[in-house]
Amino acid sequence: MSLTLKIAAAALAGCFAASAATPPTPQAKTMTQDERMAWFREAKFGLFIHWGLYAIPAGEWKGKAIPGIGEWIMNRAQIPVTEYEQLAKQFNPVKFNAEEWVKMAEDAGMKYIVITSKHHDGFAMYHSAVSKYNIYDATPFHRDPLKELAAACARHHIRFGFYYSQAQDWHEPNGIGNTWDFGPDDKKDFDQYLQAKAEPQVKELLSNYGPVCLIWFDTPRQMNVGDRAQRFVDILRTMQPATLIDGRLGKAGDYASMGDNSIPNQVVTGDWEVPATLNHTWGFKKDDTDWKTPEDLTFKLVDIASKGGNYLLNVGPTSEGVIPQASQDNLRAVGRWLKVNGEAVYGAGPTPFGEELGQVDESTHDKKGRPGFKMATDWRCTTKPGKLYITFFKWPNGTFELKGVKGQVAKAYLLADASHKSLKLKQDGDRVTVTLPATAPGQIASVMALQMK
Ligand code: FHN
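Residues numbered from 1 in each chain as written. Predicted model: local features only at pLDDT ≥ 70, side-chain atom pairs only at ≥ 80, totals over all residues. Heavy atoms only, no water.

Enumeration according to the criterion identifies zero disulfides in this entry. The thiol of Cys153 is not disulfide-bonded; the next cysteine sulfur, from Cys213, is found 8.3 Å away. (Disulfide = S-S within 2.5 Å.)

So, on to the site of the ligand. As a structural note, the neighbourhood of the ligand is formed by 13 residues, with His50, Glu71, His120, Asp218 and Asp260 the closest of them. At 2.7 Å, a side-chain N or O of His50 approaches an oxygen atom of the ligand. Between Asp260 and the ligand, the recorded distance is 2.7 Å, taken from a side-chain N or O atom to an oxygen atom. Classifying every residue of the shell around the ligand gives five nonpolar, four polar and four charged. (Near = heavy atom within 4 Å. Polar contact = N/O pair within 3.5 Å; in protein donor to acceptor, adjacent residues only side chain to side chain. Nonpolar A, V, L, I, M, F, W, Y, C, P; charged D, E, K, R; others polar.)

Residues in a regular strand project their side chains so that they alternate between the two faces of the sheet. Among the five residues of strand β1 (residues 45-49), five are classified as buried, and the element is accordingly described as predominantly covered. Covered by surrounding structure in β1 are Phe45, Leu47 and Ile49 together with Gly46 and Phe48, the residues of both alternating faces. Where β1 meets strand β10 (residues 310-315), five bridges bridge the pair, whose relative direction is parallel. Residue pairing across strands places Gly46 opposite Leu312, the latter belonging to β10. Across four bridges, β1 lies against strand β4 (residues 112-118) in parallel orientation. Residue Phe48 lies in a different strand from β4, and its bridge partner there is Val114. (Buried < 20%, exposed > 50% of the residue type's maximum accessible area, 1.4 Å probe, protein only. Helix = DSSP H or I, 4+ residues; strand = E, 2+ residues; numbered from the N terminus. Pairing = 2+ DSSP bridges.)

Relative to the helices and strands, Pro220 is located in the loop between β6 (214-217) and α10 (228-239). On the accessibility criterion, Pro220 (34% relative accessible area) is partly exposed. A sequence separation of 27 residues divides Pro220 from Gly247, and the C-alpha atoms of the two residues are 9.6 Å apart. Pro220 has contacts with Gln166, Ala167, Arg248, Leu249 and Gly250, leaving out every residue within four places of it along the chain. (Contact = heavy atoms within 4.5 Å.)

This paragraph deals with the sheet that holds strand β7 (residues 244-245). Strand order across the open sheet formed by eight strands is β7-β6-β5-β4-β1-β10-β9-β8, with parallel pairing between neighbours. Whereas interior strands pair on both sides, the edge strands pair on one side only; in this sheet they are β7 and β8 (256-257). Pairing geometry for β8 and strand β9 (residues 272-276), over two bridges, is parallel. When the sheet's bridge partners are listed, Ser257 is paired in β9 with Glu273. Sheet strands touched by helix α9 (residues 190-208): β4, β5 (159-164) and β6. Its angle to β5, the strand with the most contacts, is close to 170°. (Axes fitted to C-alpha atoms, helices over the stretch in contact; angles between N-to-C directions.)

Looking now at the packing of aromatic side chains. Taken as a whole and assessed by the stated rule, the structure comprises 27 aromatic pairs. Summarising the aromatic geometry, the rings of Trp72 and Trp170 are spaced 5.0 Å apart at their centres and angled 70° between planes, so their arrangement reads as edge-to-face. Of this pair, Trp72 sits in the loop between β3 (64-65) and α2 (73-76) while Trp170 sits in the loop between β5 and α8 (179-182); the two residues are 98 residues apart in sequence, bridging distant segments of the chain. Overall, Trp72 belongs to the buried group, its relative accessible area being 13%. Ring geometry for Phe299 against Phe393: centres 4.9 Å apart, planes inclined by 75°, an arrangement best described as edge-to-face. Residue Phe299 is found in helix α11 (residues 294-307), and its partner Phe393 is found in the loop between β14 (387-392) and β15 (399-402); the two are separated by 94 residues along the sequence. Taking relative accessible area as the criterion, Phe299 reaches 10% and is therefore assigned buried. Taken together, Trp51, Phe91, Phe96, Trp101 and Phe141 form an aromatic cluster joined through their ring pairs. (Phe/Tyr/Trp six-rings, centres within 6.5 Å; stacked < 30°, edge-to-face > 60°.)

Overall, the coordinates contain 28 salt bridges when judged by the stated rule. Close ionic contact of Asp34 with Arg41 constitutes a salt bridge, the shortest N to O distance being 2.9 Å. With a closest N to O distance of 2.8 Å, Asp260 and Arg248 form a salt bridge. Residue Asp260 is found in the loop between β8 and β9, and its partner Arg248 is found in the loop between β7 and β8; the two are separated by twelve residues along the sequence. Here Asp260 falls in the partly exposed class, since its relative accessible area comes to 38%. Overall, the relative accessible area of 14% leaves Arg248 in the buried class. Here the salt bridges do not stand alone but share partners, grouping Asp191, Glu199, Asp227, Arg228 and Arg231 into one network. (Salt bridge = Lys/Arg side-chain N within 4 Å of Asp/Glu carboxyl O.)

Now for the packing of helix α5 (residues 98-107) against helix α7 (residues 145-156). Geometrically, a packed helix pair is captured by the angle between its two axes and the distance between the axes. With their axes 9 Å apart at the nearest point, α5 and α7 run at an angle of 45° to one another. When the axes of α5 and α7 are compared, the pair comes out oblique. The handedness of the crossing between α5 and α7 comes out as right-handed. Facing Ala98, Glu99, Trp101, Val102, Lys103 and Glu106 of α5, the residues of α7 in contact are Glu148, Leu149, Ala152, Cys153, Arg155 and His156. Each residue belonging to the contact of α5 with α7 can be placed in one class, and the counts come to six nonpolar, one polar and five charged. (Parallel < 35°, antiparallel > 145°, perpendicular 65-115°, else oblique. Left-handed = near helix turned anticlockwise from the far one by under 90°.)

Laid out in structure tokens, this is it:
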């Protein structure tokens, strides 16, 4: 079974050279695909934020717990537009502080932020002139939090992008998804909605918030008809050519989006990202406190990097504008680990090995009849030119042997050791043996760097 994915990327000839340290430049009319992707390949780790009116009911409607992800409550409870709209009058997140949110992302070692500018409920979380159904005009808050976040991101050199639900819009008669108020989707004038709301709102986002690192489109229902998806590509490429398009627009974007919380079993070529939750919901749900541990998050980050991808990890702030404390604590713990070991993650490429990832398990099958996979979790390998990084999640007893090494290793050392003291090393052909200290230097995981000759 091959899990290899080739990403079809629209490579545009160009002359503008971007670097990871350079914010996207809206004036650059043509860029090569490599130039456009440079910051993303360096970043590896981003913060996803699902924030909207759904944070008020927080998983409960009229005294009943509504199963499923929090931001889907309008759909799951079939709440009529006229009732759901009333939430806007209560939305007053007075504890929202853009600086604190961005500082938290920075502390977590995250390099980009993607926030819901409009989710499927149709409510714009920014000051939109296209629809009054927005946080500035329809709530007592009367502020544009995305403006504040854009400014804070610029101060902290964190890239800023938007999630935008281009197809589903449960507030609009011609948007996809709201069949309880507006009837079947196939009877709707979907292009009317796209042209009157989605396309002009995306233009607003690209006009009023400075450089937008990416737009994260989602659930591309009915987007494969005619030039619907291409119209968005044209808007982005014309207005901000450096802005990336995710993999859920309805045609190939700049990178592939994996399924939610779906980490591939093996190395995947091309650019890709895994969107993932810290608990079991994207939008805040008061009853969901089943948080992934810092150990698990660190493993997943390195695991994804070792397979060639990025990790976009979500928080669901409350209706008061607070990121749940457990989310903050667990993300900051990952950030502390990255402070010591980030060299093995940022800008790193995938493993040249692969056996350490696990093995196909023919004794089990998934729902589609595909064989299972028995994941191994002892260590992962990431790479940079002339370097191999081995991240140990289980500290080896005495020595560590690595097979299949191409070239000669000049030196082995631990990233946690600031002096980079050489570890005892033996190489026999492609077999390298390193003698390690008796105990791991790091609590969550420890990284050994191999410097090649
Ligand atoms: O329906 C959405 C969901 O609410 C959430 O936004 C996730 C994030 O990847 N995307 C969709 C489901 O895949």
